[in-house]
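What follows is each chain in one-letter form.
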Amino acid sequence: MDNIIKIKNLVAKYDTKIILDNISLSIKKKEIFIILGSSGGGKTTLLKHIIGLIKPVAGTIDIFGQEVTKMEDDKFDKVLTQIGMLFQGGALINSMKVWENVAMPLEQHTKLLPNIIRDLVKHKLSLVNLEHAYNLYPSELSGGMKKRVALARAIAMDPKILFFDEPSAGLDPITALELDELILELKKNLGITLVIVTHELESIKRIADRIIYLQKGKAIFIGTLEEARVENIDEINRFFGWNK
Amino acid sequence: MYNIENNKIIFDNSFLLTDIDSFIDDLKKYGTNISSVQIDLSKVETFDNSVLAVVNSLIKKKYQFLLSEKLITEIKIFDKLISFNEKETVVTSGFENLVLRVNDFFSQITSFIVLSADIFSYSIKAIFRKEGRRKGSIYEQILLMGNNAVPIVFLLAFLIGLILSLQSAAQLRQFGANIYLVDLIVISMITEMGPMITAIIVAGRSGSAIAAEISTMQITEELDALKVMALNPLKYVVAPKMIAMTISLPILTVFANIIGILGGFIIAVIYLELSPVVFFNRAVGVMTLSFWWQSMLKSVLFSWLIVLIGAHFGFNVKGGAEGVGKATTASVVAAIFAVIMTDALLSIIFYFDF
């Protein structure tokens, strides 16, 4: 059981347009797996399929060794509690304070006492260096801070897999670097598997274990960066600015 | 910059956006006689894209130009870049459009029914089970949708009662049927105006708020975030509103009924000179329990319609901030329409005692 996520022959359609065409891939435990590709190539769609926000037209998705595409909601909820997801804009609940946002999954899915939940929230907020934002509302935060709060919320339940939708988009290089360091720490200290959609070159070079490159819904490459270099695929060479 | 010599407009080496206005004005002086003017751009080396656009369109109008080499190549490139067809390729006939619209309407109705069934089942579950909804959220929603609506509902119900009785009193008085004002105001307030006015105000206040909140959450991916946290948005966001609305709207309606009748009471005493005791006795005599049942049944149905319609338009939002505005407007219009339709239907049913 080395593979934590296994996808077989996944097909996604929007009306009659094919978004994902027969994608198969496996993601190993404790690796940082990067989904990349040209705009409109189906990156976010692939991510949304894995976390069950969209049901596939055909194909199967295994998470923790269980087939999830036809799973009942109650059972899938159990899978979801072991998953964290960081959305592009943070997707914090705007009507709730920062600490309430981070506490939400804990309050809903555990029977922990309120004071313990509060301690856990403080711990997660410290991990992302946002102790001072405890009592603020999301509208009072900057874009980077929102993302960090969202990260704190995503790791509140100590998930086994963490999904990121363009984590460093819209961040300055220094904040992006800090986020990457945080990601590497999460992998090292907590043994989390990370699946990341991004096209920040620097970030990919820093953190990627393996990548999938999507072009017009097809996976034209899956493997490590070194392998990508050896394979010498035109599109990927151009993406990374590698000379042939 | 340029100079005009007889029928020639001669440019120096630059032709920029800032020259265009005066150039066009000067060109207009020649009127429609295009062949009478020659424009010499042979020395122009510095120019803007807007100049390319102007010159390109003038060439197509058959103006006489002398162009520099650089301009000729740039205009060719420019013309090629703008040569794509900007019109929408899918053109549907009127009939096809109608079919599409009818189709869309029915698919909306189906999705509304499915959503309603889901919301009902989650709301009933939420009454008994605390998991999956926020602590104190029902109480918070009752405050928001019920408590905060009290002043406006009171005021409007009072005014409606007052106006309704004033208009009727003038007519009744001519026949000496003063005492029947009591029947009129009590029955119409309790069975019709009370529930309807309250529902319309609440649809405007809270129905719109529900649609706006849910559609914003949809657009900012908050709903997706909830789903990924294994929290059902229907359970977490809609169910508390549904429960709160089912509680608050009937209570508001009871108040509205009483305040409306009070409005009638003031007209009866001041304008028709009925004694308060007579009004009171008559009112109690007219007010049967079945009228109150009607009133409550209506307001409960209205409360469901308001929440369900708000949620429906909220979840089906398309586009960005503009979509939120559209969803909110559509939800209020649809909710008020549904409330009045349902009221009419129920009134007919009750009147004929089906």
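Residues numbered from 1 in each chain as written. Chains lettered and ligands numbered in written order. Predicted model: local features only at pLDDT ≥ 70, side-chain atom pairs only at ≥ 80, totals over all residues. Heavy atoms only, no water.

Colleague: Explain the overall build of chain B to me, and be specific about the residues and the numbers.
Modeller: In terms of helices and strands, chain B carries 12 helices and six strands. In terms of overall dimensions, chain B is more spread out than a globule: its C-alpha atoms have a radius of gyration of 34 Å, far above the 20 Å expected for 354 residues. Counting only contacts in chain B whose residues sit at least 6 apart along the sequence, the fraction spanning at least 24 positions is 80%. A total of about 19,200 Å² of accessible surface is found on chain B, and carbon and sulfur atoms cover 67% of it. (Helix = DSSP H or I, 4+ residues; strand = E, 2+ residues; numbered from the N terminus. Rg over C-alpha atoms; globule rule 2.2 N^0.38 Å. Contact = heavy atoms within 4.5 Å. Areas by Shrake-Rupley, 256 points an atom, 1.4 Å probe, with all protein chains shown as cover.)

Colleague: Please give an account of the overall build of chain A that cites residues and values.
Modeller: Per the secondary structure count, chain A includes nine helices and 10 strands. Against the compact-globule benchmark of 18 Å for 244 residues, chain A has a radius of gyration of 18 Å, which places it among compact chains. Taken along the three principal axes of its C-alpha coordinates, chain A extends 55 × 45 × 35 Å. Considering only contacts within chain A whose residues lie at least 6 apart along the sequence, 64% involve residues at least 24 apart.

Colleague: Outline a nonpolar patch on the surface, listing residues and values.
Modeller: There is a patch of nonpolar side chains on the surface, built from Phe95(B), Leu98(B), Val99(B), Val102(B), Phe105(B), Phe106(B), Ile109(B) and Ile113(B) and spanning about 800 Å² of accessible area. Mapping Val99(B) onto the fold places it in helix 4 (residues 94-128). (Patch = residues over 30% accessible without salt bridge, like charges linked within 9 Å, V, L, I, M, F, W, Y side chains within 5 Å. Salt bridge = Lys/Arg side-chain N within 4 Å of Asp/Glu carboxyl O.)

Colleague: Provide a residue-level description of the interface of chain A and chain B, including the pertinent values.
Modeller: The interface is formed by 23 residues belonging to chain A together with 17 residues belonging to chain B. Contact between chain A and chain B buries roughly 1,700 Å² in total, counting both sides, with carbon and sulfur atoms accounting for 59%. On the chain A side of the interface with chain B, the three residues burying the most area are Leu53(A), Phe87(A) and Gln108(A), jointly 29% of the side's total. In this assembly, chain A and chain B are joined by two salt bridges. Across the pair Glu221(B) and Lys48(A) runs a salt bridge, and its minimum N-O distance is 4.0 Å. Linking chain A to chain B there are two residue pairs in polar contact (both at pLDDT 80 or more). Ranked by residues supplied to the side of chain A that touches chain B, first place goes to helix 3 (residues 98-109) of chain A with five residues. (Buried area = accessible area lost by both parts, 1.4 Å probe. Polar contact = N/O pair within 3.5 Å; in protein donor to acceptor, adjacent residues only side chain to side chain.)

Colleague: Run through the sheet that holds strand 4 (residues 58-63) of chain A, naming residues and quoting values.
Modeller: The strand order across the open sheet built from four strands is 2-1-4-5 (chain A), with neighbouring strands paired in antiparallel fashion. Edge strands, defined here as strands with exactly one partner in the open sheet, are strand 2 (17-28) and strand 5 (66-67) of chain A. (Pairing = 2+ DSSP bridges.)

Colleague: Can you lay out a negative patch on the surface for me, pointing to particular residues and giving the numbers?
Modeller: On the surface, Asp172(A), Glu178(A), Glu181(A) and Glu185(A) cluster together to form a negatively charged patch. Tracing the backbone through its elements, the reader meets Asp172(A) in the loop between strand 7 (161-165) and helix 6 (173-190). (Lys, Arg positive; Asp, Glu negative; His and termini not counted. Charge placed at Lys NZ, Arg CZ, Asp CG, Glu CD.)

Colleague: I'd like a description of helix 3 (residues 69-81) of chain B, backed by residues and values.
Modeller: Residues and elements named next belong to chain B. Taking 1.5 Å of rise per residue, 13 residues should cover 18 Å, and helix 3 covers 19 Å from first to last C-alpha, within 8% of that figure. Within the sequence span of helix 3, burial applies to Leu71, Ile75 and Phe78. Taken down its axis, helix 3 places every buried residue within 60° of arc, on the same side. Structural note: helix 3 exposes Glu69, Lys76 and Lys80 on the side pointing more than 90 degrees away from its buried face. Along its buried surface, helix 3 packs onto strand 4 (38-41), strand 5 (46-47), helix 2 (49-60) and strand 6 (64-67). (Expected span 1.5 Å × (residues − 1). Buried < 20%, exposed > 50% of the residue type's maximum accessible area, 1.4 Å probe, protein only. Arc of directions from axis to C-beta.)

Colleague: Describe the packing of aromatic side chains, and please don't skip the residues or the numbers.
Modeller: With the rule as written, the count across this model stands at 14 aromatic pairs over all chains. Judged by centre distance (4.6 Å) and plane angle (15°), the ring pair of Phe240(A) and Trp242(A) falls under stacked. For Phe240(A), a relative accessible area of 5% puts it in the buried group. Among the residues examined, Trp242(A) registers a relative accessible area of 13% and is labelled buried. Ring centres 4.1 Å apart and planes at 35° place the aromatic pair Phe11(B) and Phe15(B) in the tilted group. For Phe15(B), a relative accessible area of 1% gives the class buried. One aromatic cluster is present, formed by Tyr213(A), Phe239(A), Phe240(A) and Trp242(A) through successive ring pairs. The ring of Phe76(A) has Lys55(A) lying over it, and the distance from NZ or CZ to the ring centre is 5.2 Å. A cation over a ring is seen here: Arg173(B) above Tyr271(B), with NZ or CZ 4.7 Å from the ring centre. (Phe/Tyr/Trp six-rings, centres within 6.5 Å; stacked < 30°, edge-to-face > 60°. Lys NZ or Arg CZ within 6 Å of the ring centre and 35° of its normal.)

Colleague: Run through the side chain of Ser295(B), naming residues and quoting values.
Modeller: Residue and element names in this part refer to chain B. Within the secondary structure, Ser295 sits in helix 11 (residues 289-315). Classification of Ser295 as buried rests on a relative accessible area of 0%. Side-chain polar atoms of Ser295 contact the backbone oxygen of Ile190, separated by 2.8 Å.

Colleague: Break down the packing of helix 1 (residues 17-28) of chain B against helix 2 of chain B for me, citing the residues and quoting the values.
Modeller: Residues and elements named next belong to chain B. The contact between helix 1 and helix 2 brings their axes to 9 Å, and the two run at 25°. In terms of orientation, helix 1 and helix 2 fall into the roughly parallel class. Within the contact between the two elements, helix 1 uses Leu17, Ile20, Phe23, Ile24 and Leu27 and helix 2 uses Ser50, Val51, Val54 and Leu58. For the contact of helix 1 with helix 2, the per-class residue count stands at eight nonpolar, one polar and no charged. (Axes fitted to C-alpha atoms, helices over the stretch in contact; angles between N-to-C directions. Parallel < 35°, antiparallel > 145°, perpendicular 65-115°, else oblique. Nonpolar A, V, L, I, M, F, W, Y, C, P; charged D, E, K, R; others polar.)

Colleague: An account of the pairing of strand 9 (residues 210-215) of chain A is requested, with residue identities and associated values reported.
Modeller: Residue and element names in this part refer to chain A. In terms of burial, strand 9 is a largely internal element, five of the six residues being buried. Here strand 3 (residues 32-37) runs beside strand 9; their pairing, made up of five bridges, is parallel. The residue bridging Ile35 from the neighbouring strand is Ile212, located in strand 9. Inspection of the sheet shows strand 9 paired to strand 10 (residues 218-223) by five bridges, in the antiparallel sense. Note on strand 10: the bridge partner recorded for Tyr213 is Phe221.

Colleague: Residues and numbers for the domain arrangement of chain B, please.
Modeller: You can read the domains of chain B as domain 1 (2-81) and domain 2 (133-351). For domain 1 of chain B and domain 2 of chain B, the distance between their C-alpha centroids amounts to 67 Å. (Domains from an automatic or database assignment.)

Colleague: Kindly report on the sheet that holds strand 6 of chain B, identifying the contributing residues and their values.
Modeller: All names here are of chain B. An order of 1-2-4-6 is seen for the four strands of this open sheet, with the pairing classed as mixed. The open sheet terminates on both sides in strands that have one partner only, identified here as strand 1 (2-5) and strand 6. With direction set aside, neighbouring strand axes in the sheet form an average angle of 15°. Bridge count between strand 2 (residues 8-11) and strand 4: three bridges; the pairing is parallel. Bridge pairing in strand 4 links Ile10 to Asp40. Against the sheet, helix 1 engages strand 1, strand 2 and strand 4, with an angle of about 10° to strand 1.

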